[in-house]
Amino acid sequence: MIRWILFFVFVALVEIYAFQTVRTVTKIKWMQYAYVAISLFILIYIIYQFTQFDRSVGQNKKTLFTMGLLLITYIPKMVIMVIMVSEDIFRVIGGCIRAFLGNSEQSFLPDRRKFVSQIALGLAAIPFLSLLYGMTKGKYNFKVIKQTVFFPDLPEAFDGMTITQISDIHSGSFDNHEKIEYAIDLINAQKSDIILFTGDIVNTHAEEMHPWIDTFKRIETPPMGKYSVLGNHDYGEYVTWPSQEEKQKNFEDIKDLHRQINFKLLLNENVKLEKDGEHIALIGVENWGHNFKKAGDLTKATQGVAQKDFKILMSHDPSHWEYEVKNNPHNYHLTLSGHTHGLQFGIEIPGVIKWSPVQYVYKQWAGLYENIGRYVYVNRGFGFHAYPGRVGIWPEITVLELKKGERVG
């Protein structure tokens, strides 16, 4: 009950400040009334949809739209509120100073200044347009990101090996076959030696992937094969199931999806990739997250793998690398993860800035990170979840080239 009271108080403050801004900028009554009517309709719609959320279904197209509408409506209004509250602080301070000096010619609180309200609306337009672009274009703005990683102990036969990594498909969120077909063409165009998928094939239910199986089957099998692991969303943990049996059946069906799209699913196990008489170990663990399901078992996954073997580890959640892998004496040379999506929101200008709110939760959240010669690469994700868009952090297809030697520079 208290949470709802706090929610309505916060929404009321946001709406009051936003309306005051509109009223200051325009004196045209019908525009003010239209603004109020639209705002009220959106608020009622959002509240209604949240009350209709079905815990047994989980996220679907309607909840995605509702979350997008919530963000695109209230983040800009929160920007307005911050600016207008700042103006109110200065108005109060000014009023106190005038009262102290005995200046009674002006009212304690002067009228709002129109240009401040105009600035507030102009700044609010930035997140509004960004979020709108993210929902209409950004979520399918696929980028191929290439990275070369050097290892002094990489077997000679694998010098120049290329890996295409995808992660976090979240097929239940897709709504455009043409865009996904284009992304599959991008994957095939890389002509890598191996393709690795690091988890979250669905949001919750195996059936979410059914309309996309033929599309993902088009991913061509490269010389070293296609392999995958599970992510936290693949366990059906975020909905209420009628029975444990139905939850388990969904889990088995999700695992079988990998077979249907011709990927070899690694469940706490490893395979040897051989070339010209040499080999490297590809290790796949189930999900292990510091704050999520811990089904990953490194000990089981590395049975038969020697400490000196060159190792590529597939582990969905990069917190696994932080807490269990990076200082592990078994020496995992390269870990491939995903999970964070870069929060689907941030600013990235190569060589200038790389920022997302998710960095305050995950030390490794997008791109390549190194610790004493051991690396983790965190893919920004192929699909999207919760917010039906992407702003600044675009959907990613990663191409890693492994080179023998020391990194220069």
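Provided above is the structure to which this section pertains.
Nothing here was measured: the structure is a model prediction, and the numbers come from that model.

### A look at the pattern of salt bridges
Any two side chains of opposite charge can pair if their charged atoms end up close together. Within this structure, the stated rule accounts for 20 salt bridges. Residue R91 is joined to D88 by a salt bridge in which the shortest nitrogen-to-oxygen separation is 2.7 Å. Placement of the pair is R91 and D88 together in helix α3 (residues 61-101), with a separation of three residues, close to one helical turn. Put simply, E87, D88, R91, R112 and R113 are held in one network by salt bridges that share partners.

### Things to note about the packing of aromatic side chains
Going through the model one piece at a time under the given rule, you end up with 16 aromatic pairs. With a centroid separation of 5.9 Å and 75° between ring planes, the pair formed by Y140 and F384 is classed as edge-to-face. Taken together, the residues Y140 in the loop between α4 (114-136) and β1 (143-151) and F384 in the loop between β13 (374-378) and β14 (396-404) connect sequence positions 244 residues apart. The class of F384 is buried, set by a relative accessible area of 0%. A ring pair is formed by F197 and F263, whose centres lie 6.4 Å apart and whose planes are at 80°; its orientation type is edge-to-face. Pair noted here: F197 is in strand β3 (residues 194-197) and F263 is in the loop between α7 (244-260) and β5 (264-265), with a separation of 66 residues, a long-range link.

### Comments concerning the pairing of β14
Within a regular strand, side chains alternate between the sheet's two faces. Inspection of the sheet shows β1 paired to β14 by nine bridges, in the parallel sense. Within the sheet, the bridge partner assigned to Q147 lies in β14 and is L400. The sheet contact formed by strand β2 (residues 162-166) and β14 spans four bridges and is antiparallel. What sits directly across from T162, in β14, is E401.

### Things to note about the side chain of H333
Tracing the backbone shows H333 in the loop between α9 (319-325) and β9 (334-337). A polar side-chain atom of H333 sits 3.4 Å from a polar atom in the side chain of N331. In this structure, H333 is in contact with F151, D153, D309, F310, K311, G373, R374 and Y375, ignoring residues within four places of it in sequence.

### Digging into the packing of helix α2 (residues 29-51) against α3
Between two packed helices, the angle of one axis relative to the other and the distance separating the axes together describe the packing. At a minimum axis distance of 10 Å, the contact between α2 and α3 shows a crossing angle of 140°. Considering the angle they form, α2 stands oblique to α3. Seen along the crossing, α2 lies across α3 with a hand that is left-handed. Each of Y35, S39, I42, L43, Y45, I46, Q49 and F50 in α2 lies in contact with α3, whose residues at this interface are K62, F65, T66, M67, L69, L70, T73, Y74 and K77. Broken down by class, the residue content of the contact of α2 with α3 amounts to 11 nonpolar, four polar and two charged.

### Description of the sheet that holds β3
Backbone hydrogen bonds hold the strands of a sheet together, and the pairing may be parallel or antiparallel. If you walk across this open sheet you meet the six strands as β1-β14-β2-β3-β4-β5, and the pairing is mixed. Edge positions in the open sheet fall to β1 and β5, since each of these has one partner strand only. Relative to the sheet, helix α5 (residues 177-189) contacts β1, β2, β3 and β14, its axis offset from that of β14 by approximately 10°.

### Comments concerning α5
For α5, which comprises 13 residues, the first-to-last C-alpha distance of 18 Å matches the rise-based estimate of 18 Å (1.5 Å per residue) to within 8%. Those residues of α5 that are buried lie in contact with β1, β2, β3, α6 (213-216) and β14. Directly after α5, the chain includes K191, whose backbone phi takes a positive value near 50°.

### Structural notes on α7
Relative to the 24 Å expected for 17 residues at 1.5 Å per residue, α7 spans 24 Å between its end C-alpha atoms, a close match to the ideal helical length. Among all positions of α7, only N250, F251, I254, L257 and H258 are buried. The buried residues of α7 occupy an angular sector of 105° when the element is viewed end-on, so they sit on one face. Exposed side chains of α7 directed beyond 90 degrees from the buried face belong to E245, K249 and R259.

### A closer look at a positive patch on the surface
A contiguous patch of positive charge on the surface is contributed by R23, K27, K29 and K114. Here K29 is to be found in helix α2.

### Considering the sheet that holds strand β7 (residues 278-284)
Taken in spatial order, the six strands of this open sheet run β6-β7-β8-β9-β13-β12, and their pairing is mixed. The sheet terminates laterally at β6 (269-275) and β12 (367-371), the two strands that pair on one side only. On average, each strand axis in the sheet is inclined to that of its neighbour by 20°, with strand direction left out of account. Across four bridges, the pairing between β7 and strand β8 (residues 311-314) is parallel.

So, how was this worked out
- Residues numbered from 1 in each chain as written.
- Predicted model: local features only at pLDDT ≥ 70, side-chain atom pairs only at ≥ 80, totals over all residues.
- Heavy atoms only, no water.
- Salt bridge = Lys/Arg side-chain N within 4 Å of Asp/Glu carboxyl O.
- Helix = DSSP H or I, 4+ residues; strand = E, 2+ residues; numbered from the N terminus.
- Phe/Tyr/Trp six-rings, centres within 6.5 Å; stacked < 30°, edge-to-face > 60°.
- Buried < 20%, exposed > 50% of the residue type's maximum accessible area, 1.4 Å probe, protein only.
- Pairing = 2+ DSSP bridges.
- Polar contact = N/O pair within 3.5 Å; in protein donor to acceptor, adjacent residues only side chain to side chain.
- Contact = heavy atoms within 4.5 Å.
- Axes fitted to C-alpha atoms, helices over the stretch in contact; angles between N-to-C directions.
- Parallel < 35°, antiparallel > 145°, perpendicular 65-115°, else oblique.
- Left-handed = near helix turned anticlockwise from the far one by under 90°.
- Nonpolar A, V, L, I, M, F, W, Y, C, P; charged D, E, K, R; others polar.
- Expected span 1.5 Å × (residues − 1).
- Arc of directions from axis to C-beta.
- Patch = residues over 30% accessible without salt bridge, like charges linked within 9 Å, V, L, I, M, F, W, Y side chains within 5 Å.
- Areas by Shrake-Rupley, 256 points an atom, 1.4 Å probe, with all protein chains shown as cover.
- Lys, Arg positive; Asp, Glu negative; His and termini not counted.
- Charge placed at Lys NZ, Arg CZ, Asp CG, Glu CD.

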